[in-house]
Number of protein chains: 2
Amino acid sequence: MSRFPADSVGLVSPQRHISTEPLALACGRSLPQYELVYETYGQLNASRSNAVLICHALSGHHHAAGYHSEDDRKPGWWDACIGPGKAIDTNRFFVVSLNNLGGCHGSTGPSSIDPETGKTYGGRFPMIVVEDWVNSQARLADHLGVQCWAAVVGGSLGGMQALQWAIHYPDRLRHCVAIATASKLSAQNIAFNEVARQAIITDPDFHGGDYAAFGVIPKRGLGLARMVGHITYLSDDAMGQKFGRELRSERLNYDISSVEFQVESYLRYQGQEFSERFDANTYLLMTKALDYYDPARAHGDDLAKALAPVTARSLVISFSTDWRFAPARSRELANALLAARKDVSYLEIDAAQGHDAFLLPIPRYIQALSSYMNRIEVDA
Amino acid sequence: MSRFPADSVGLVSPQRHISTEPLALACGRSLPQYELVYETYGQLNASRSNAVLICHALSGHHHAAGYHSEDDRKPGWWDACIGPGKAIDTNRFFVVSLNNLGGCHGSTGPSSIDPETGKTYGGRFPMIVVEDWVNSQARLADHLGVQCWAAVVGGSLGGMQALQWAIHYPDRLRHCVAIATASKLSAQNIAFNEVARQAIITDPDFHGGDYAAFGVIPKRGLGLARMVGHITYLSDDAMGQKFGRELRSERLNYDISSVEFQVESYLRYQGQEFSERFDANTYLLMTKALDYYDPARAHGDDLAKALAPVTARSLVISFSTDWRFAPARSRELANALLAARKDVSYLEIDAAQGHDAFLLPIPRYIQALSSYMNRIEVDA
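Residues numbered from 1 in each chain as written. Chains lettered and ligands numbered in written order. Predicted model: local features only at pLDDT ≥ 70, side-chain atom pairs only at ≥ 80, totals over all residues. Heavy atoms only, no water.

1. A few points about the overall build of chain A
Item 1. What chain A contains, in helices and strands, is 11 helices and 14 strands.
Item 2. For chain A, whose C-alpha radius of gyration is 21 Å, the value lies close to the compact-globule estimate of 21 Å for 380 residues.
Item 3. Along the longest, intermediate and shortest principal axes, the C-alpha atoms of chain A span 65 × 60 × 50 Å.
Item 4. Of the contacts formed within chain A by residues at least 6 apart in sequence, a portion of 72% connects residues at least 24 apart.
Item 5. Of the accessible surface of chain A, which amounts to about 14,400 Å², a share of 48% is contributed by carbon and sulfur atoms.
Item 6. For chain A, the separation between the mean place of its 35 positive charges and that of its 41 negative charges on side chains is 2 Å. (Helix = DSSP H or I, 4+ residues; strand = E, 2+ residues; numbered from the N terminus. Rg over C-alpha atoms; globule rule 2.2 N^0.38 Å. Contact = heavy atoms within 4.5 Å. Areas by Shrake-Rupley, 256 points an atom, 1.4 Å probe, with all protein chains shown as cover. Lys, Arg positive; Asp, Glu negative; His and termini not counted. Charge placed at Lys NZ, Arg CZ, Asp CG, Glu CD.)

2. Digging into the domain arrangement of chain A
Residue and element names in this part refer to chain A.
Item 1. What the domain assignment reports for chain A is domain 1 (15-184 + 295-374) and domain 2 (189-287).
Item 2. Here domain 1 and domain 2 have C-alpha centroids that lie 26 Å from each other.
Item 3. Every contact between the two is made by 31 residues of domain 1 and, on the other side, 24 residues of domain 2.
Item 4. With both chains or domains summed, domain 1 and domain 2 bury close to 2,200 Å², and 58% of this area falls on carbon and sulfur atoms.
Item 5. The largest share of the area that domain 1 buries against domain 2 comes from L58, W323 and R324, three residues that together contribute 33% of it.
Item 6. At the junction of domain 1 with domain 2, the criterion picks out 1 salt bridge.
Item 7. For R124, the salt bridge is made with D210, and the minimal N-O distance between the two is 3.1 Å.
Item 8. There are 12 residue pairs in polar contact (both at pLDDT 80 or more) connecting domain 1 and domain 2.
Item 9. Classifying every residue of the side of domain 1 that touches domain 2 by side-chain character gives 14 nonpolar, 13 polar and 4 charged. (Domains from an automatic or database assignment. Buried area = accessible area lost by both parts, 1.4 Å probe. Salt bridge = Lys/Arg side-chain N within 4 Å of Asp/Glu carboxyl O. Polar contact = N/O pair within 3.5 Å; in protein donor to acceptor, adjacent residues only side chain to side chain. Nonpolar A, V, L, I, M, F, W, Y, C, P; charged D, E, K, R; others polar.)

3. Examining the relation of the copies chain B and chain A
Item 1. The two copies are related by a screw motion: chain B maps onto chain A through a turn of 180 degrees and a shift of 0.0 Å along the axis, at an RMSD of 0.0 Å. In the structure described here, the two chain copies are related by an operation that fits a two-fold rotation axis.
Item 2. A symmetric contact is evident, with 100% of the interface residues of chain B recurring at the interface of chain A. (Least-squares fit on C-alpha atoms with pLDDT ≥ 70 in both.)

4. Focus on the interface of chain B and chain A
Item 1. Listed per partner, the contact involves 56 residues of chain B and 56 residues of chain A.
Item 2. Summing both partners gives a buried area of about 4,800 Å² for chain B against chain A, and 67% of it is carried by carbon and sulfur.
Item 3. Of all residues in chain B, the largest losses of buried area upon contact with chain A belong to B:R245, B:Y254 and B:I256, amounting jointly to 17% of the total for that side.
Item 4. In this structure, the connection of chain B to chain A is made through 8 salt bridges.
Item 5. For the salt bridge of A:D294 with B:R245, the shortest nitrogen-to-oxygen distance reads 3.1 Å.
Item 6. Applying the counting criterion to the chain B and chain A interface returns 21 residue pairs in polar contact (both at pLDDT 80 or more).

5. A look at the packing of aromatic side chains
Between two aromatic rings, the relevant description is the distance of the centres plus the angle of the planes.
Item 1. Taken as a whole and assessed by the stated rule, the structure comprises 28 aromatic pairs over all chains.
Item 2. When the ring of A:F278 is compared with that of A:Y283, the centres are 6.1 Å apart and the planes differ by 90 degrees; the resulting orientation is edge-to-face. Accessibility classification places A:F278 together with A:Y283 in one group, the buried group.
Item 3. On the numbers, 5.1 Å between centres and 45 degrees between planes, the contact of B:W165 with B:Y169 is tilted.
Item 4. Given a relative accessible area of 19%, B:Y169 falls into the buried group.
Item 5. Here a set of aromatic residues connected by ring pairs shows up, and it is made of A:F192, A:W323, B:F192 and B:W323.
Item 6. We note A:R3 situated over the ring of A:Y67; from NZ or CZ to the ring centre the distance is 5.8 Å.
Item 7. A cation sits over an aromatic face here: B:R226 above B:F274, 4.2 Å from the ring centre. (Phe/Tyr/Trp six-rings, centres within 6.5 Å; stacked < 30°, edge-to-face > 60°. Buried < 20%, exposed > 50% of the residue type's maximum accessible area, 1.4 Å probe, protein only. Lys NZ or Arg CZ within 6 Å of the ring centre and 35° of its normal.)

6. A short note on the pattern of salt bridges
Item 1. For the coordinates displayed, the defined rule picks out 36 salt bridges over all chains.
Item 2. Residue B:R313 pairs with B:D343 through a salt bridge whose shortest N-O separation is 3.2 Å. Taken as a pair, B:R313 in strand β13 (residues 313-319) and B:D343 in the loop between α9 (327-339) and β14 (344-349) lie far apart in primary sequence, 30 residues in all.
Item 3. Bridged by salt links that share partners, the residues A:E194, A:R197, A:K288, A:D291, B:E264 and B:R268 form one connected network.

7. Observations concerning the pairing of strand β14 (residues 344-349) of chain A
Residues and elements named next belong to chain A.
Item 1. Where strand β13 (residues 313-319) lies against β14, 6 bridges are found, and the strand directions are parallel. Following the sheet pairing, S314 is matched in β14 by V344.
Item 2. The handedness of the β13 to β14 crossover, carried by helix α10 (residues 327-339), is right-handed. (Pairing = 2+ DSSP bridges. Right-handed = clockwise from strand over helix to strand, strands pointing away.)

This is how it looks when you write it as structure tokens:
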């Protein structure tokens, strides 16, 4: 008998889609061939109408639900929402989750071998943007025999992908679920990303992105980048509740190098742990992809115009204390969808956890997402 | 005829106070001797009752008003508020502004020579906290013949010093003006400071604080620290209004190393410029001093209890879009002063500029400060 919870998708195995057809990219370059690693949960129905695509955020990957081995301690990153009877119900839906191009979890990215040189791409990997991801995801859909997604779902950077699907492939999705996202970053968002990038790029172990050739990784820079990111994922209140001014030891040391407060050691740990498991070039690429996305730009900054092609119904969700992608940014999107006369539902969830809330099992959020997903019609 | 504006204090010269009496510090160590560099504006009256102390913030110094030479392009950092007829009126007040101990603008600090070793202090400079600054400022007051300040005034970290004066030397000030400050940092505040410190400490050119001995400075780390700081000094809206998503060139480059947005090059410039003029050890010390300050800690986190000794009248000012020291933090302080039955005025200024607002000539702010300062009685 399995040790996994009854509402888990259980043991899952990554699969691989190899494309030998060149992919033209927004940057003007193209990838001659590439691989995408992905997972699926649930069964594709006979009419192929029950497929749901999950798009991941900055540090995400294909492993969204279930376990990779019997003694796997942690399930996939969105296991709270994906499984039998869960909000994205695998008894009804065939769920597809991939690692995006440029990622560092198995899909072709900066750590992959460049077939033209036989060496790691490193700093020579092309820039990949949201539009490119969606194009590569459309090819994955072709490969899986999915002409039209029941829904494309994503939070944060993943929400931008869901939105881009609705704009660029209106015939290929019925529902767009964009959570804790925005149609473009603000100057402050870009500024935080730029700090993260500068931390990585100025690390002497970065070597212009070719650190692999030197047998090192820019750990310092990547750790700092994660520390900055982490602060912006939590609300001021959430940090206050979690750490307050709690000390690491009974009394203060009053010196410059001591770690005095719990929040300091927590952040240092987060940075260090991340720098050992994530690729710095991928981090740069993901932050740039966030910066670049701005579908209204080609329409004189008129977002409603950019949304004109959309036919999908949309659900837009924000969280009250999210200051990285504040509710006001989601309202902008929802209002532009309304202005473009689209079918949109908007929900702001009262939650103390900041941007991180979109990954957490907050009852009202899960209920709302569940109720929306359950109303999506699928053939038996 | 002078080229300086009529409401400027004009040409000013820094002065020096040398103390050979050891100063016992909160950290348990002591400074055998030290120097403080300071400036004064206006005239001390016969009863020595018109002196106002200005306390500086993280990157501030003694040069608060006026000019150092005829062709000085920029006046002191708070010239908007200090001068004849200005909010802190030098026709009425004798204004004193110093560079704090541990600073890098002339007062004894990590870049000074340790008399015991004949070498730069570097990483061996003792930790200095708000309480130590106030004690050293009290000695400066003795030196100047000022028994009781008409007011002690400060913004941000300077506001903490004003508050500490009111708590620790209740007989030595009549008014405490605490602007854009808090009685203690939040976990998020500490977290941002910790990112800044880690950026500096992990810079290979830091050498445990002894970079001077190696003939280098940790520019990368200090630049990053400033970039992070700078984002937190501005509001999201202010950044949006100043930069939006404005591009540096006509079209996007779509590559990982390009600086695409104006806000990116602005931040890089701010970081670089700062790293060439400020000392990294001082930056570490100042952020630690911010973290440590928490007068309620010795009173079971009861701020009203900590404020019991206060006899000064207080003016507490906050700015609506300041998220580094949010209005809620100033209200905490004002409410605790009320709970302790002290005389306090609280004012929240509607201003788009975030934390930086406290340095800017925002009319309603200047008028309010001016009107409060003008009501302070001074002998002719």
